[in-house]
Amino acid sequence: MDRLKNLSKASRDTLITYAIVIVAFVIMQALASMHAISSSMIGLLVPITAYICLSISLNLVVGISGELSLGHAGFMSVGAFTGLVAAQVLAPAITSGPVRLLVAMLIAGCFAALAGVLVGIPVMRLQGDYLAIVTLAFGEIIKNLLNNLYVGYDGSLHFSMKDTASLGMNGGKVLINGPQGAVGIEKLSSFIAGFLLVLFTLFVVTNLVNSRSGRAIMAVRDNRIAAESVGIDTTKYRLMAFVVAAALAGMAGALYAMNFSSIVPKKFDFNTSILILVFVVLGGMGNIRGGIISAALLTILPEKLRFIGDFRMLIYAIVLIAVMLFSNNAQVRMAIDGLRGRLSRKDDDEALGDAIEGGDAQ
Amino acid sequence: MTRDEKTYKVQSGSAPVGGRTEGTYKAQSERAAAAGVEQGRETHPKRQRTKMVAPPNNYLVPERDALKTPVLECRHLGIDFGGLKAVEDLNLMVGKTEIAGLIGPNGAGKTTVFNLLTKVYQPTRGTILLDGVDTAGMDTARVSREGIARTFQNIRLFDSLTVEDNVKIGLHNQVDCGMWSGIFRMPRYWLSEKEFHDRALELLDVFNMADNANDIAGSLPYGAQRRLEIVRALATGPKLLLLDEPAAGMNPVETEELMDNIVKIRDDFQIAVLLIEHDMDLVMGICEGIVVLNFGKVIAKGTPEEIQANPQVVEAYLGKQD
């Protein structure tokens, strides 16, 4: 316990986040094995982990780098479809499912990162509202490209932007069929894979934030002119955050897609981008732990509200508004801080001397 | 009349300048003419010999820096905003270890000069040489890497980060650790973080701020924020430190302390300091050379004593005396 206190605040926060993720995984895994949760909930486990990864990665752009990106689902879809194709093509070469999933996710991450670079180079010339609108447009462009993309595999890959006939295949299988998306997907994703991806995403983002590059990213967010004046290449670090987030979103997209038997490009539209943004904003921009919790709760909530039928989305909206209002209300915050202060004072009663001396014993 | 113009008048007027005297020129031309005759060519009798003089050198540097490359040299520097000439024909030299002052009434263009030096604005005319290197075409970040650090008139800290992180960001280009080493916590990462931490605390010690290392920068009192900005600027390892009103908002005791610290920084780090300040006690107390700017033009240069006695300066600040 003493060693825990000596750690810097940032690393203590990170450790708590890891602990929460691991404990939640163990509990859910235990409940699932005891059949204590409904099958609809079990079906939600993988999407929840995917959304958590998306929330963490978007937090890197919105919270840490301070750019409002409205096209995150676009990178998710790039990862989803490249991951699907990779998993199918590699099927004969790699028989083990988990290994194939891993390789497919890595390929998905690479392609999403590539898309991130291509989108990022023009986008990083802009700031603020303009950047938000342009990322929105890019998200739509990616969706529409995938809507018109046909991919077939008969020993070699065939691409077309017209229809399946123009693929010119000898037998084989159509992997991506334009607006109908991909069908007959092999279900490689599992809750454990999702959990590991969450840990990996968390690892990458928190380590990046607490490094030289992460400090540079936050410096650009806090004060661009000052960051330039100390010799930081602002475009480089904004692009770095954007591309790393895109790669992680791509991996999450691959995980998400391989949880379903079929998936259409329309799934990754503007609404999904906004949904991920809601996770981040509700959890607190820059607060990774908050983003994880809100992603999990907001994915479960509509499912739990199913019993009230048509009023479901209305209640969902009201809950969102209420949480936003309360968490941004100064008086509520003061009350919570006061409560926290009182609780921690009880803990620290023995270490009172410490607290008076130590500046960082907060 | 400005000091520059005076010097110029004197030089171009009549008398011998520098080492070259009229006599030498004459002797040279006679010798050349004689040589022409000797080779059978006749020198054109009507061509007048050009009189050569040393150009007016209006630069001033401390004697100890006179033979070293000046850390900063501006030649005919100017910038227009539309039709407004915000800075015009600025000639300036700052010696290697000089503490120089840039003063002038409000709106004279002092901060614009800083923005030109740090390439926040690209100059319309003229050249900036930083330690002998032309900074044309460089951007702000590049100029910082070349050795100019600055503080801002309205404090610009990384408010949401800790004091230590602010200094570590200043050290960004001093310690290297790539993105991959950072993400995957390679040995390089741990080495660099240790170096970041040690050097940050060392720099904070200059202003006795090591105890505040874990405080959030935005929550510091005003004076401490100003000091932190100077520490962050020093962390970039500059050759020239630009301070934009470092004493603004400080009480006389704090200002006194700041003056000692500026001199200490110059002595310890062996760098040059160029500062903008309205507090005349500070300027006259520590600046070795002073440049006075009014309406974007230099109206006087000199030592504190010369500036205080200069009627143009008095007029710029106080209006015409009858």
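A brief report on the enclosed structure follows. The structure displayed is predicted, hence computed values, not measured ones.

Where charged atoms of side chains with opposite charge meet at close range, the side chains can pair. Under the defined criterion, the tally for this structure stands at 22 salt bridges over all chains. For Glu-193 of chain B, the salt bridge is made with Arg-215 of chain A, and the minimal N-O distance between the two is 3.2 Å. Here the residue Glu-193 of chain B occupies a position in helix H7 (residues 187-206), and Arg-215 of chain A occupies one in helix H8 (residues 212-222), the pair thus bridging two chains. Neither residue differs from the other here; Glu-193 of chain B and Arg-215 of chain A are each classed as buried. Lys-194 of chain B serves as the salt-bridge partner of Asp-198 of chain B, at 2.9 Å between the closest nitrogen and oxygen. Of this pair, Asp-198 of chain B and Lys-194 of chain B both sit in helix H7, 4 residues apart, roughly one helical turn. Note on Asp-198 of chain B: relative accessible area 35%, which makes it partly exposed.

Residue and element names in this part refer to chain A. On the surface, Ile-16, Ile-20, Ile-293 and Leu-297 cluster together into a nonpolar patch covering about 330 Å² of accessible area. If you list the elements that add at least two residues to the nonpolar patch, you get helix H2 (9-33) and helix H12 (288-304). A relative accessible area of 35% means that Ile-20 is categorised as partly exposed.

Turning our eyes to something else, we now look at the interface of chain B and chain A. Across the boundary between the two partners, chain B contributes 34 residues, which contact 30 residues of chain A. Note that Asp-176 of chain B and Arg-212 of chain A form a salt bridge whose closest N and O atoms lie 3.7 Å from each other. Counting every contact that joins chain B to chain A gives 16 residue pairs in polar contact (both at pLDDT 80 or more). Considering only residue class, the side of chain B that touches chain A consists of 14 nonpolar, 10 polar and 10 charged.

As a general point, the strands of a sheet are linked pairwise by backbone hydrogen bonds and lie either parallel or antiparallel. Residues and elements named next belong to chain A. Strand order across the open sheet formed by 3 strands is E2-E1-E3, with antiparallel pairing between neighbours. Each edge of the sheet is formed by a strand with only one pairing partner; in this case those strands are strand E2 (157-160) and strand E3 (173-177). Strand after strand, the sheet turns through a mean of 20° between neighbouring axes, direction not considered. Pairing geometry for strand E1 (residues 150-153) and E2, over 4 bridges, is antiparallel. Residue Tyr-150 lies in a different strand from E2, and its bridge partner there is Ser-160. Most of the contacts of helix H4 (residues 72-89) go to E3, to which it runs at about 170°, and overall it touches E1, E2 and E3.

Bringing the pairing of strand E1 (residues 72-81) of chain B into the picture now. On any regular strand, side chains alternate: one points to one face of the sheet, the next to the other face. Residues and elements named next belong to chain B. Of the strand pairs in this sheet, E1 and strand E2 (residues 84-94) are connected by 7 bridges, and their pairing is antiparallel. Bridge pairing links Phe-81 to Leu-84 in E2. In this structure, the hairpin formed by E1 and E2 is closed by a connection of 2 residues, where Gly-82 is found at a positive phi of approximately 60°. Sheet topology places E1 next to strand E4 (residues 125-130); 5 bridges connect them, and they run antiparallel. Within E4, the position partnered with Arg-75 by the bridge is Thr-127.

Turning our eyes to something else, we now look at the pairing of E1 of chain A. Residue and element names in this part refer to chain A. Between E1 and E2, which pair antiparallel in sequence order, lie 3 residues; one of them, Gly-155, sits at a positive phi of approximately 100°. As paired strands, E1 and E3 are joined by 4 bridges and run antiparallel to one another. Within E3, the residue paired with Gly-152 across the bridge is Val-174.

Right, let's get into the environment of Ala-217 of chain B. Residues and elements named next belong to chain B. You can see Ala-217 is positioned in the loop between H7 and helix H8 (222-235). For Ala-217, a relative accessible area of 0% corresponds to the buried category. In the structure, Ala-217 is positioned 58 residues away from Asp-159 in sequence and 5.1 Å away in space, judged by C-alpha atoms. Once residues within four sequence positions are removed from consideration, Ala-217 is found in contact with Leu-157, Phe-158, Asp-159, Leu-161, Thr-162, Val-163, Asn-166, Gln-225 and Leu-228.

Moving on to H2 of chain A. Residues and elements named next belong to chain A. For H2, with 25 residues, the first-to-last C-alpha span of 36 Å sits near the 36 Å given by 1.5 Å per residue. Listing the buried residues of H2 in full gives Thr-14, Thr-17, Tyr-18, Val-21, Phe-25, Met-28 and Ala-32. Contacts made by the buried residues of H2 are with helix H3 (39-64), helix H7 (191-209) and H12. Of the residues flanking the end of H2, it is His-35, one or two places downstream, whose phi is positive at about 55°.

What follows deals with the sheet that holds strand E7 (residues 240-244) of chain B. Residues and elements named next belong to chain B. With respect to topology, 6 strands assemble into an open sheet ordered E6-E7-E8-E3-E9-E10, the strand pairing being mixed. This sheet does not close on itself; its edge strands, each paired only once, are strand E6 (148-150) and strand E10 (297-302). In this sheet, adjacent strand axes meet at a mean angle of 20° when their direction is disregarded. Here E7 pairs with strand E8 (residues 272-276) via 5 bridges, running parallel. Bridge pairing links Leu-240 to Ala-272 in E8.

Parameters and conventions
- Residues numbered from 1 in each chain as written.
- Chains lettered and ligands numbered in written order.
- Predicted model: local features only at pLDDT ≥ 70, side-chain atom pairs only at ≥ 80, totals over all residues.
- Heavy atoms only, no water.
- Salt bridge = Lys/Arg side-chain N within 4 Å of Asp/Glu carboxyl O.
- Helix = DSSP H or I, 4+ residues; strand = E, 2+ residues; numbered from the N terminus.
- Buried < 20%, exposed > 50% of the residue type's maximum accessible area, 1.4 Å probe, protein only.
- Patch = residues over 30% accessible without salt bridge, like charges linked within 9 Å, V, L, I, M, F, W, Y side chains within 5 Å.
- Areas by Shrake-Rupley, 256 points an atom, 1.4 Å probe, with all protein chains shown as cover.
- Contact = heavy atoms within 4.5 Å.
- Polar contact = N/O pair within 3.5 Å; in protein donor to acceptor, adjacent residues only side chain to side chain.
- Nonpolar A, V, L, I, M, F, W, Y, C, P; charged D, E, K, R; others polar.
- Pairing = 2+ DSSP bridges.
- Axes fitted to C-alpha atoms, helices over the stretch in contact; angles between N-to-C directions.
- Expected span 1.5 Å × (residues − 1).

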